[in-house]
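If you want the building blocks of each chain, they are given just below.
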Amino acid sequence: MKTVILTPDALSAAIDSLKKGEPVAFPTETVYGLAASAFDEGAIRKIFSIKGRPADNPLIVHISSLDQVSLLAEEVPPEFLKLARAFWPGPLTLVVKRKNSVPSICSAGLPTIAIRMPVHQVALDLIRGVGAPLAAPSANLSGGPSPTTAQDVLEDLEGKIPYILDGGACAIGLESTVLSLVNPRPILLRPGVVQKEALEAIFGRSIDLANQATPAFSPGMKYRHYAPKAAIRLVFNESDLKGPYSLPRITARNLYSELRKADRLGVPEVEIYCSSSVQADAALMNRLLRASGVLETTAASKRAC
Ligand code: TXA
Ligand code: MG
């Protein structure tokens, strides 16, 4: 299959492809996603196979309007609407009970469903054009860095999908915050640009962090993630950067593209300087610890998650 990069004015080709059950990559403000209609079981199966994604890792479903929530969620707790009003459209994913009419493969068999309304105009136009919520994981090969440009998607998925919609470089560059509302107390499953404190301000109470010891809460947490082929060494004093390949100025926006660049160059190890501002960014530290393989083992990393 030839993979074609489309400009947003060729949106209708991407819409037709999704209506025919062929997954298409599209831009969001966080990272690029690989979409299928949330109600098309066969197309969702293709997503798992294209990415090499473990069958027990559920997908996020993307919506373009609040009415679509009732197609997906069995129950919507009052906090859900409060959070949706405060942060949607935007980089926050909410996990609630799934409606039985949504194919269970979308949630990897879980009784829950992750929902988010992206703010990227091309993403919203695509969802509206298809006329259905779109299930979409990040559009990378499973385990590697997420794609933040159409070119990154091509690097991973060339020949495997018909179209990549090009919406430019992603403004945020890290995946959305994932918050579960399934239990009596909310649980932060994945840190993102919408911070724990901002969520707590809306809730008026504290939010628990997911415990690494019970990855069943969010299956994605148990896999090594966001990792390039090169080994990652985190350095906490700039003077400890020894090279030959180091990244002294990492940001949320450039992390994944820098990791991809290092892999293209074939370097065996990348040193990354974690400045105090990097350390203060929970989402960025979470991805760095995961990419370096540290997260599973240290207490500090559990906090970062
Ligand atoms: O920013 C984002 O969230 C991007 C863009 C494309 O929207 N998507 C993304 O999807 O990062 P993905 O599949 O790479 O990560 C989804 C995460 C995984 O860790 C998965 O385990 C978790 O969300 N997740 C999805 N559905 C869940 C559910 N029902 N319960 C718990 N965790 C869930
Ligand atoms: Mg992903």
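The structure displayed is predicted, hence computed values, not measured ones. (Residues numbered from 1 in each chain as written. Chains lettered and ligands numbered in written order. Predicted model: local features only at pLDDT ≥ 70, side-chain atom pairs only at ≥ 80, totals over all residues. Heavy atoms only, no water.)

Novice: Quick rundown of the site of ligand 1? Include the residues and the values.
Specialist: Among the 25 residues in the neighbourhood of ligand 1, the closest are listed as Thr30, Arg53, Asn57, His62 and Ser176. One of the side-chain nitrogen or oxygen atoms of threonine 112 is found 3.0 Å away from a nitrogen atom of ligand 1. Between an oxygen atom of ligand 1 and a side-chain N or O atom of arginine 116, the distance comes to 3.0 Å. Computed on the free molecule, ligand 1 has an accessible area of 690 Å², of which 97% lies beneath the protein chains in the complex. Listing elements by their share of the shell around ligand 1, those giving two or more residues are strand S4 (60–62), strand S6 (112–116) and strand S10 (187–190). The greatest single-element share of the shell around ligand 1, amounting to 4 residues, is contributed by S6. Residue composition of the shell around ligand 1, grouped by class: 12 nonpolar, 9 polar and 4 charged. (Near = heavy atom within 4 Å. Polar contact = N/O pair within 3.5 Å; in protein donor to acceptor, adjacent residues only side chain to side chain. Areas by Shrake-Rupley, 256 points an atom, 1.4 Å probe, with all protein chains shown as cover. Helix = DSSP H or I, 4+ residues; strand = E, 2+ residues; numbered from the N terminus. Nonpolar A, V, L, I, M, F, W, Y, C, P; charged D, E, K, R; others polar.)

Novice: Can you break down the side chain of lysine 51 residue by residue, with the values?
Specialist: Within the fold, lysine 51 resides in helix H2 (residues 41–51). Lacking a salt bridge, the buried lysine 51 has aspartate 156 as its closest oppositely charged neighbour, with an N-O distance of 7.4 Å. In this structure lysine 51 touches Leu34, Pro137, Ser138, Asn140, Leu141 and Ser142, once residues within four positions along its chain are discounted. (Buried < 20%, exposed > 50% of the residue type's maximum accessible area, 1.4 Å probe, protein only. Lys, Arg positive; Asp, Glu negative; His and termini not counted. Salt bridge = Lys/Arg side-chain N within 4 Å of Asp/Glu carboxyl O. Contact = heavy atoms within 4.5 Å.)

Novice: Kindly report on the pairing of S6, identifying the contributing residues and their values.
Specialist: Counted residue by residue, S6 has 5 buried out of 5 residues, so it is predominantly covered. Here S6 shows no split at all, with Thr112, Ala114 and Arg116 on one side and Ile113 and Ile115 on the other all buried. Sheet analysis places strand S5 (residues 92–97) next to S6, joined by 4 bridges and oriented antiparallel. Directly across from leucine 94, in S6, lies its bridge partner isoleucine 115. (Pairing = 2+ DSSP bridges.)

Novice: With reference to specific residues and values, describe the environment of lysine 196.
Specialist: Examined against the element boundaries, lysine 196 turns out to sit in helix H7 (residues 196–203). Assessed through its relative accessible area of 24%, lysine 196 is described here as partly exposed. Put simply, lysine 196 and threonine 177 are 19 residues apart on the chain and 8.8 Å apart in space, counted from C-alpha to C-alpha.

Novice: Outline the domain arrangement of the protein chain, supporting the account with residue identities and numerical values.
Specialist: Considered domain by domain, the protein chain is made up of domain 1 (4–209) and domain 2 (231–300). On a C-alpha basis, the centroid separation for the pair domain 1 and domain 2 is 26 Å. Tallying the contact residues gives 21 residues for domain 1 and 13 residues for domain 2. When the area that domain 1 buries against domain 2 is broken down by residue, the three leading residues are Pro145, Leu174 and Pro191, summing to 43%. One can count 4 salt bridges joining domain 1 with domain 2. Salt-bridge contacts for arginine 260 lead to glutamate 155; the nearest nitrogen and oxygen are separated by 2.8 Å. (Domains from an automatic or database assignment. Buried area = accessible area lost by both parts, 1.4 Å probe.)

Novice: Report on the packing of helix H1 (residues 11–19) against helix H5 (residues 121–130), specifying residues and quantitative values.
Specialist: The packing of two helices is summarised by the inter-axis angle and the distance between the axes. Relative to each other, H1 and H5 sit at 50 degrees, their axes nearing to 9 Å. Considering the angle they form, H1 stands oblique to H5. Here the hand of the crossing between H1 and H5 comes out right-handed. Taking contact as the criterion, the partners of Leu11, Ala14, Ile15, Leu18 and Lys19 in H1 are, on H5, Val122, Asp125, Leu126, Gly129 and Val130. Here the residues of the contact of H1 with H5 sort into 7 nonpolar, 1 polar and 2 charged. (Axes fitted to C-alpha atoms, helices over the stretch in contact; angles between N-to-C directions. Parallel < 35°, antiparallel > 145°, perpendicular 65-115°, else oblique. Left-handed = near helix turned anticlockwise from the far one by under 90°.)

Novice: Tell me about the side chain of serine 17, residues and numbers included.
Specialist: Examined against the element boundaries, serine 17 turns out to sit in helix H1. When its relative accessible area of 4% is taken as the criterion, serine 17 is described as buried. Once residues within four sequence positions are removed from consideration, serine 17 is found in contact with Glu22, Val24, Pro162 and Tyr163.

Novice: An account of the packing of helix H4 (residues 78–87) against H7 is needed here, citing residue identities and associated values.
Specialist: At a minimum axis distance of 10 Å, the contact between H4 and H7 shows a crossing angle of 125 degrees. Here H4 is positioned oblique relative to H7, judged by the angle of their axes. As for how H4 packs across H7, the hand of that crossing is right-handed. Contact with H4, carried on its side by Glu79, Lys82, Leu83, Ala86 and Phe87, involves Ala198, Leu199, Ile202 and Phe203 of H7 and no other residues of that element. Grouping the amino acids of the contact of H4 with H7 by side-chain chemistry returns 7 nonpolar, no polar and 2 charged.

Novice: How would you explain the pattern of salt bridges if you had to name every residue and give the values?
Specialist: Tallied over the full model, the rule gives 16 salt bridges. The closest approach of N and O atoms between glutamate 155 and arginine 264, which form a salt bridge, is 2.7 Å. Of this pair, glutamate 155 sits in helix H6 (residues 150–157) while arginine 264 sits in helix H8 (residues 255–265); the two residues are 109 residues apart in sequence, bridging distant segments of the chain. Glutamate 155 gets classed as partly exposed once you look at its relative accessible area, which sits at 38%.

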